[in-house]
Each structure stands twice: as C-alpha cells, then as structure tokens.
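# Secondary and tertiary structure notes
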4 protein chains.
Amino acid sequence: MSIIYSKFETEILVRPDDIDMNEHVHNSKYFDYVLAARYDQMKRCYGMSMEEFIERGFGWVVSACRLNFKRPLKLGDTAIVRARIQTIKSNGVDVVFEIVKKENKKICVDGIFEYTMINLQTQRAATIPDDILKKYSV
Amino acid sequence: MSIIYSKFETEILVRPDDIDMNEHVHNSKYFDYVLAARYDQMKRCYGMSMEEFIERGFGWVVSACRLNFKRPLKLGDTAIVRARIQTIKSNGVDVVFEIVKKENKKICVDGIFEYTMINLQTQRAATIPDDILKKYSV
Amino acid sequence: MSIIYSKFETEILVRPDDIDMNEHVHNSKYFDYVLAARYDQMKRCYGMSMEEFIERGFGWVVSACRLNFKRPLKLGDTAIVRARIQTIKSNGVDVVFEIVKKENKKICVDGIFEYTMINLQTQRAATIPDDILKKYSV
Amino acid sequence: MSIIYSKFETEILVRPDDIDMNEHVHNSKYFDYVLAARYDQMKRCYGMSMEEFIERGFGWVVSACRLNFKRPLKLGDTAIVRARIQTIKSNGVDVVFEIVKKENKKICVDGIFEYTMINLQTQRAATIPDDILKKYSV
C-alpha cells in the first residue's frame, strides 16, 4: 500500500527575461519555476513557509532533480506548476511535478525534485521532526 | 506646456531565483521587472502587444536606462511597477518608472528607460507611424 | 562491448549573479554551466560549432536532464565541467558530466543531459548525418 | 584639477544563458558583467576583495546606475569590461565603465555605477576608512 499525497498548483507568468535565443522559456528556468512553486506551496498549502523553517534552524536543499522537457513554453504563456510529495523520507521528501501550459493544459515539463532538509548550523541532513512530518502528510 | 501621459501598473511576484547573496532582489532583476511590466502594459494598456509590433516589422530596444536603488525588495514581497511615458520622440519613447513594494507602497527603485523603435530588417531606428503614436498618446 | 568516448573539459568562472540567497551557486546555474561547456566543446573539441549546425538547418534541444548536487560552489571558485558522450543514438546523444571545483578537484554536481538533434524547420527530431556522427565518435 | 584614476580590464566570456530572444546578450546581463568585473578588480587590482570588506563589517551596494546600450554582444563574443573610479566620495565611489567587444574593441555599452559602502550591521552608509581610501586612490 502506498500513500497518495495531495497535489497543489501554482501559477507562474512567463517573464521576458525567461526567454532564450530559441524564443522558448530557457530550460533552466523551469527548475526555477518549480522552486518558486514550492516556496508558494510550503506557505500556502503545507502551512509552514521557508521563513518558518529557517527560524527553527532548518533549510531545504535540492539533492537531485530530473526534468523531462516535452513542449516549450513561450512569452505570453502562463505556467501552472503542479507538485505532489511522492515519498517522505526521514530527512527529506521527493516531489514529483508537472508544468502545464495554462491555456491548453498540455504538459510541458515533468520530473522529480529530491529535497533534503538540513540543519542550518551543521549544513548536514537533519531528521524531520514529527510536527513537520504531520504538516507534510496531507 | 507639457503633456502628462497615463501611468499604468503591473504586479510582479518576487521569485526565489531573483534573490541574490544579500537576500535581496538582485539589482539587475529590477531591470527585468520593468521589462516585464512594459510587455504587459503594451498589450493590456496601449492595445498593441510586442507580437503585433513584430508582425509589422518593428521591434523595441532599450537605448539607455537609469535605475536609482532606494530600498530592497525581499523574497515574499510583491513588486508593483508603475510606468508612464514621459516623452514621445519621432523614433522612440522615454518611460519613467517606479517600483514600489505592494505591502507598504514605498518606492524601492525608480528611473527611466529610453526605448528606440527599430525596423527589424535593417535593425535601425524607425519613425513611429501615426497610428502607433496615437495609441501611445494616452 | 561498449565504446568509451573522449572526456573534454571547460573552465567556467563563477559570477556574482550566479550566487543565490544561500551564498552558493544557484542550482539551476549548474545547468547553464553544462550548457556553456557544451557550446565550447562542440566548437573546440568536436569541430562543429552550434552556428555550423544552425547553418545546416539543425538545432539541439535538451530532452531530459538529471543533476545530482553533491557540494556547492561559491563566489571566487572556478568550475571545471567535464563532459563525455555516453551514448550516440540515431537522433541524439546522451552526455554525462561532472562539475568539479578547480581548486580541489572535488565533484560538486554530476549527471546526464539527453540531447535531441532537431530539424529547425520542422522542429522535430532529425537523424544525425554520417559526417556528424563521425565527428562525435571521438 | 581633477585626479584621473587607473582604468582596469576584466574579460568575460558570453554564456548561452546570457542570450535573449533577440539573439543578443540580454540588457540586464551587462549590469552583471560590470558587477563581475568589479569583484575581480577589487581583489586583483585594488588589493581588497569583497570577502575582506565583509570581514571588516563592510559591504557595497549599487545606489544608482546608468547604462547606454550602443551595440549588442552575441554568443561567441568575449566582453572586455573596462572600469575606472571617477570620483571618490566620503561613503562611496562612482565607477565609469565601458564594455567593448574583444574582437574589434568597439564599445557595446558604457555608463556609470554609483556605489555606496555600507556598514553591514546597520545597513547604512559608512565612511570609507583612510586605509581603504588609499587602496582605491590608484
């Protein structure tokens, strides 16, 4: 049996400085869109903003990521980043995502971000406290 | 006598990738915020999007800019970019702007962008046609 | 039996605008470092620059990538991007890479980029011509 | 009588992620090139790196800048950033710069950056100590 966690959505408007010489959103900017969505969702959907983590001495780092580029976004498009925790580990979470174009809901990019929670003082992986695990288990 | 043109506003949410090592929006990103606001306002407020300019063989380039940095924006803030045409010239417009923090309306950055309209084929300055001058004279 | 292709190196100096709020090179910039290294190596090591591909009507897009973040780079560091073709496919190449810190040669990031060669007119995957396959088989 | 301070040069290789939809270096990246050149020159030419300023409790912020865009740089070009202190003030320096294309030495961008030295604790303008003034008066 595996738990299915909630999927949340964040809208991101493509900015002109996101566009590269191919007239598409530059590949590495999709990484930044997922990052922006996570910040938004931590605060708005999981009830614990990055600032609150920092206050408790914790930070989050990306340990690994995979992005599959399927269709480009262009200037004028709006991205919807849908993200969902796939696995909760003792010191991190795996978050699967898909970025769809708002106008037609087609998937442009999907993939996974593997996050590790760190102790900001030691800069090493930290065990996620129970109260935070609870917030994330939605 | 001088003409006072309309001031328009665009909201821009600060993204994590805009933040630099000082934990503020990176200076050069304010340039990109003004650029994003112009794209939005060309379409929404002046009734002629960048795409429509391109279809008619025209482009816009920034010839010069001045930015005065007064207060930093931070992660979690929303920028409001207020822009107003100051002067319409035969082949360009000077746009004055101010970026305020939405939460307290304090000015973070202000300055001017001097835009030149170009003929995309020759890549040289082009005389702004009357119908476009009219759209911009609001 | 598998063919081992050559590994090439490109040096990239960390710029202040690459640094994020954690005082490290921002995760998505490593993607851009690999991209910059590929441009350099296409021209310098494989003898066919991106411009030459474009002249022949071809382009390269990243279909997928995986990045494993092991140690951060900081301002003042120099990155060495080591890249090697792992597999040549009919319409693309898989390139494995590692980014090491020049000063101590420790691996900061490694992973894979899966590139697809496209026909610029159709924007669809194209079969790599024999003469290009030969250039890449070093 | 006015003092003419030394002009220093830093080379910056254009990266693919610096290029925008016009196939030129994106306007705001020239800001980042000047910033990168200043970091290099502080350490290499003035004998006091940003890290050393920070250790003494000082930081530098850009109070204002003006950039005049004259000719674009493209992928494959190398930028040379020439910078020179124009004026030393009690709590800052005005730095004039020009960015030339290495291949033909033509000016692409020029302008001025007005820097303010701040006390990192108070985040307010600080008087530049005599020993630093001396380092900068070359």
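Since the model is a prediction, treat every value here as computed from it, not as a measurement.

### Observations concerning the overall build of chain A
The helix and strand tally for chain A stands at three helices and six strands. Shown N-terminal to C-terminal, the secondary structure of chain A runs as helices and strands in the order β-α-α-β-β-β-β-β-α. A globule of 138 residues ought to have a C-alpha radius of gyration of about 14 Å, and chain A, at 16 Å, matches this closely. In terms of overall dimensions, chain A has C-alpha extents of about 45 × 35 × 25 Å along its principal axes. The proportion of buried residues among the 138 residues of chain A is 36%.

### Thoughts on the interface of chain A and chain C
Counting residues at the interface gives 12 residues for chain A, matched by 12 residues for chain C. Elements with a contribution of two residues or more to the side of chain A that touches chain C: α1 (27-44) and β2 (58-69) of chain A. Per-element accounting of the side of chain A that touches chain C gives the leading share, eight residues, to β2 of chain A. Its residues placed into classes, the side of chain A that touches chain C shows six nonpolar, four polar and two charged.

### Examining helix α1 (residues 27-44) of chain D
Taking 1.5 Å as the rise per residue, α1 of chain D with 18 residues should run 26 Å; its terminal C-alpha atoms sit 26 Å apart, in good agreement. The buried fraction of α1 of chain D amounts to 15 of the 18 residues, a majority that puts the element mostly inside the structure.

### Comments concerning the relation of the copies chain D and chain B
For the pair chain D and chain B, the superposition axis carries a translation of 0.0 Å, the fit reaches an RMSD of 0.0 Å, and the rotation angle comes to 180 degrees. Overall, the copies show the geometry of a two-fold rotation axis. Within chain D, R66 of chain D has its C-alpha nearest the rotation axis, a separation of 2.2 Å. In this assembly, 100% of the residues forming the interface of chain D have copies in chain B that are likewise at the interface, indicating an isologous arrangement.

### Examining the interface of chain D and chain B
Taken together, the 12 residues of chain D in the interface contact 12 residues of chain B. Ranked by residues supplied to the side of chain D that touches chain B, first place goes to strand β2 (residues 58-69) of chain D with eight residues. Its residues placed into classes, the side of chain D that touches chain B shows six nonpolar, four polar and two charged. Bridge analysis of strand β2 (residues 58-69) of chain B against β2 of chain D gives five bridges, and the strand direction is antiparallel. From the neighbouring strand, C65 of chain B faces β2 of chain D, where its bridge partner is L67 of chain D.

### Description of the packing of α1 of chain A against helix α1 (residues 27-44) of chain C
The description of two helices packed together rests on the angle between their axes and the distance between the axes. Two elements in contact, α1 of chain A and α1 of chain C, have axes separated by 9 Å at closest approach and are oriented at 170 degrees. The angle between α1 of chain A and α1 of chain C places the two elements in the roughly antiparallel class. Only N27, S28, F31 and D32 of chain C of α1 of chain C make contact with α1 of chain A, whose side of the interface consists of N27, S28, F31 and D32 of chain A. For the contact of α1 of chain A with α1 of chain C, the class distribution of residues is two nonpolar, four polar and two charged.

### Details of the confidence of the model for chain A
Residues and elements named next belong to chain A. In the predicted model, chain A carries a mean pLDDT of 95, and the fraction of residues at 70 or more is 99%. Mean pLDDT across the elements of chain A ranges from a minimum in helix α2 (residues 50-55), with 92, to a maximum in strand β4 (residues 92-101), with 98. For this predicted complex, the interface confidence score (ipTM) comes to 0.95, while the overall pTM stands at 0.96.

### With respect to the relation of the copies chain A and chain C
The transform that puts chain A on chain C rotates by 180 degrees and translates by 0.0 Å along the axis, for an RMSD of 0.0 Å. The residues that chain A uses at the interface reappear at the interface of chain C in 100% of cases, marking a shared surface.

### A short note on unusual backbone geometry
Even without a glycine there, the phi angle at E23 of chain A is positive, about 65 degrees. Secondary-structure assignment places E23 of chain A in the loop between β1 (7-13) and α1. Of note, the phi angle at K105 of chain D is positive, near 60 degrees, even though the residue is not glycine. Topologically, K105 of chain D is positioned in the loop between β4 (92-101) and β5 (107-119).

### What to know about the pairing of strand β3 (residues 78-89) of chain C
All names here are of chain C. With seven bridges joining them, strand β1 (residues 7-13) and β3 adopt antiparallel strand pairing. Looking across to β3, one finds that F8 is bridged to A83. Taken together, the 10 bridges between β3 and strand β4 (residues 92-101) define a ladder with antiparallel strand orientation. Paired with I88 across the bridge in β4 is V93. Where β3 folds back onto β4 in an antiparallel hairpin, the turn is made up of two residues.

### Some words on the environment of N119 of chain C
All names here are of chain C. Mapped onto the fold, N119 is located in strand β5 (residues 107-119). By the C-beta count within 10 Å, which is 15 here, N119 ends up partly exposed. In sequence terms N119 and K7 are 112 residues apart; their C-alpha atoms lie 27 Å from each other. Once you skip the residues sitting within four places of it in the chain, N119 turns out to touch G57, F58, R124 and A126.

### Description of the environment of V81 of chain A
Residue and element names in this part refer to chain A. Considering the arrangement of structural elements, one finds V81 in strand β3 (residues 78-89). Judged by the 23 C-beta atoms lying within 10 Å of it, V81 falls in the buried class. Sequence separation between V81 and K134 is 53 residues; the distance between their C-alpha atoms is 23 Å. Ignoring anything within four residues of it in the chain, the contact list for V81 reads E9, T10, I12, Y33, V34, A37, F97 and I99.

### What about the environment of V93 of chain A?
As for its placement among the helices and strands, V93 of chain A is situated in strand β4. If near-sequence neighbours (up to four positions away) are discounted, V93 of chain A is found in contact with I85, T87, I88, Y115 and Y136 of chain A.

Criteria and thresholds
Residues numbered from 1 in each chain as written. Chains lettered and ligands numbered in written order. Predicted model: local features only at pLDDT ≥ 70, side-chain atom pairs only at ≥ 80, totals over all residues. Helix = DSSP H or I, 4+ residues; strand = E, 2+ residues; numbered from the N terminus. Rg over C-alpha atoms; globule rule 2.2 N^0.38 Å. Buried ≥ 20, exposed ≤ 12 C-beta atoms within 10 Å, placed from the backbone. Contact = placed C-beta atoms within 7 Å. Nonpolar A, V, L, I, M, F, W, Y, C, P; charged D, E, K, R; others polar. Expected span 1.5 Å × (residues − 1). Least-squares fit on C-alpha atoms with pLDDT ≥ 70 in both. Pairing = 2+ DSSP bridges. Axes fitted to C-alpha atoms, helices over the stretch in contact; angles between N-to-C directions. Parallel < 35°, antiparallel > 145°, perpendicular 65-115°, else oblique. pLDDT = per-residue confidence, 0-100.

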